[in-house]
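Structural overview for review
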Amino acid sequence: MLRTPVRGTRLAILEWLSAPAAHFPPRHHEDVVAHGVRAELVGAKLGVSRRVAVTHLELLARLGLLRATRVRRRTYYRRDEVRVAEVARMFEKGW
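Residues numbered from 1 in each chain as written. Predicted model: local features only at pLDDT ≥ 70, side-chain atom pairs only at ≥ 80, totals over all residues. Heavy atoms only, no water.

1. Notes on the pattern of salt bridges
Stated precisely, the cut-off is as follows: Each salt bridge in this description consists of a side-chain nitrogen of Lys or Arg and a carboxyl oxygen of Asp or Glu lying within 4 Å of one another. Only DSSP runs of H or I with at least four residues qualify as helices, and only runs of E with at least two residues qualify as strands; both kinds are numbered from the N terminus onward. Accessibility here uses a 1.4 Å probe with only protein chains present; expressed as a share of the type maximum, an area under 20% marks a residue as buried, one over 50% as exposed, and anything in between as partly exposed.
Tallied over the full model, the rule gives six salt bridges. Note that E86 and R83 form a salt bridge whose closest N and O atoms lie 3.4 Å from each other. Here E86 and its partner R83 are both found in helix α5 (residues 81-92), three residues apart, which amounts to about one turn of the helix. Given the relative accessible area of 32%, E86 is considered partly exposed. We classify R83 as partly exposed; its relative accessible area is 28%.

What follows is the structure, encoded as structure tokens:
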């Protein structure tokens, strides 16, 4: 994941999701802190389509760095702080 040309994009997504309220505007009744962020918002911030954003988000979710929660027909993404901390420790150890 971190050796691809888009690693900066995925690292940016992880950074934005560490403080979603600071990076994504509030929308109607959605709480980005409690529920997470939809792919549409990530795509808009990246300047790409929702489908491209979903590709990045799904990869991060498969790696365990994000949790995807389905509410009705929408999927919300949040960081898995425990897994992110584990990966950070691995990099500190030089893995």
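Additional details are given in the paragraphs that follow.
2. With respect to the sheet that holds strand β1 (residues 37-38)
Note: strands within a sheet are paired through backbone hydrogen bonds, in either parallel or antiparallel orientation. Worth spelling out the cut-off: Pairing between strands requires that DSSP locate at least two bridges from one strand to the other.
The three strands lie next to each other as β1-β3-β2, forming an open sheet whose pairing is antiparallel. Edge positions in the sheet fall to β1 and β2 (66-71), since each of these pairs with one other strand and no more. The pairing of β2 with strand β3 (residues 74-79) spans six bridges and is classified as antiparallel. When the sheet's bridge partners are listed, R67 is paired in β3 with R78.

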